[in-house]
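Coordinate inspection notes
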Amino acid sequence: FALIKESATKRGDDQTGTSTEGDGVLKLNHPISVKYSNVDATRLGSLVSLVVRETVSSTQAKKLLNVMYNDDLVSLPIDIAESNGWKLIKDPLVLRDLCESVILNEKNAKQFEQYKQGGKHVRKMTKFFTGKVMAASKGNAHPEVMAQSLGETLEKFAPGVKA
């Protein structure tokens, strides 16, 4: 929440909220608080709630906070998240379909063949497919649900493959 700290240093009684002592050290003229920030307590609480409920990831929350601080000083975090497509995909069926499309994509045929060989290839190719699914979802796939869906999908198309 460095943006809140930065915001607090930009506001205050002398319009900057800061002073510089003889040694060049920046001093705040007030305590660091949401009170002095562009992001009010209600919107900050809403953002934290979105993270706790796993509606957005921590990475998405950082992007949201940046927008809340710099660009949109009034909208609720959920509205900003929806308008930017920053909501986690948690539906296993949607993620399974996404995993299937990645695994069966002809561009990934070589890697899928390596996966089917088993042994040392399983772990490496699972990581490869994880990255491809995350990219296909634009980083919006819920990591744990996606990992479960990917495992089920790989088992469906390559049953019995062992590491």
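Residues numbered from 1 in each chain as written. Predicted model: local features only at pLDDT ≥ 70, side-chain atom pairs only at ≥ 80, totals over all residues. Heavy atoms only, no water.

Turning our eyes to something else, we now look at the overall build of the chain. Helix and strand counts for the chain stand at eight helices and two strands. Start at the N end of the chain and walk to the C end: the helices and strands fall as α-β-β-α-α-α-α-α-α-α. Across the 163 residues that make up the chain, the buried fraction comes to 34%. Excluding contacts between residues fewer than 6 apart, the proportion of contacts in the chain whose partners are at least 24 apart in sequence is 62%. (Helix = DSSP H or I, 4+ residues; strand = E, 2+ residues; numbered from the N terminus. Buried < 20%, exposed > 50% of the residue type's maximum accessible area, 1.4 Å probe, protein only. Contact = heavy atoms within 4.5 Å.)

Turning our attention to helix α4 (residues 77–84). Along α4, the positions that sit buried rather than exposed are P77, I80 and A81. Angular distribution of buried residues about the axis of α4 spans 100 degrees; they occupy a single face of the element. Elements that come into contact with the buried residues of α4 comprise α2 (41–52) and α3 (58–70). Positive backbone phi, approximately 70 degrees, marks G85, located one or two places after α4. (Arc of directions from axis to C-beta.)

Helix length check: α3 (13 residues) gives 18 Å between terminal C-alpha atoms against 18 Å at 1.5 Å per residue, within 8%. Buried residues of α3: Q60, A61, L64, L65, V67, M68 and Y69, and no others. (Expected span 1.5 Å × (residues − 1).)

Here we take up the confidence of the model for the chain. Of the residues in the chain, 78% have a pLDDT of 70 or more, and the chain-wide mean is 84. Least confident of the elements in the chain is strand β1 (residues 18–20), whose mean pLDDT is 48; most confident is helix α5 (residues 92–103), at 97. Low pLDDT (under 50) marks residues 7–20, which in the prediction has 39 contacts with non-local residues, meaning those over four places away or in another chain. (pLDDT = per-residue confidence, 0-100.)

Counting residues in hydrophobic clusters, the biggest one holds 17 residues, and the most contacted among them are F112, Y115, F129, L150 and L154. For this core, the elements supplying multiple residues, two or more each, are α5, α6 (109–117), α7 (120–136) and α8 (143–157). For this core, the leading source of residues is α5, giving five residues. Once residues lying within four places of it in the same chain are set aside, the contact partners of Y115 are V122, M125, T126, F129, L154, A158 and V161. Counting residues in hydrophobic clusters, the runner-up holds 14 residues, among them L47, L50, M68 and I80. (Core = buried A, V, L, I, M, F, W, Y, C linked by side-chain atoms within 4.5 Å.)

Once that is clear, we can look at the pattern of salt bridges. Taken as a whole and judged by the stated rule, the model has four salt bridges. The shortest N-O distance in the salt bridge between E100 and K156 comes to 3.0 Å. Of this pair, E100 sits in helix α5 while K156 sits in helix α8, and the two are 56 residues apart along the sequence. Taking relative accessible area as the criterion, K156 reaches 52% and is therefore assigned exposed. (Salt bridge = Lys/Arg side-chain N within 4 Å of Asp/Glu carboxyl O.)

Before going further, it helps to examine the packing of α6 against α7. Between α6 and α7, the shortest axis-to-axis distance is 7 Å and the interhelical angle comes to 145 degrees. The way α6 lies across α7 gives a crossing that is left-handed. Across from Q111, F112, Q114, Y115 and Q117 in α6, the residues of α7 making contact are H121, V122, M125, T126, F128 and F129. For the contact of α6 with α7, the residue count by class is six nonpolar, five polar and no charged. (Axes fitted to C-alpha atoms, helices over the stretch in contact; angles between N-to-C directions. Left-handed = near helix turned anticlockwise from the far one by under 90°. Nonpolar A, V, L, I, M, F, W, Y, C, P; charged D, E, K, R; others polar.)

Relative to the elements of secondary structure, I89 occurs in the loop between α4 and α5. Along the chain, I89 and E54 lie 35 residues apart, while their C-alpha atoms are 9.7 Å from each other. Ignoring any residue separated from it by four or fewer positions in sequence, one finds I89 in contact with V94, L95, S137, N140, A141 and H142.

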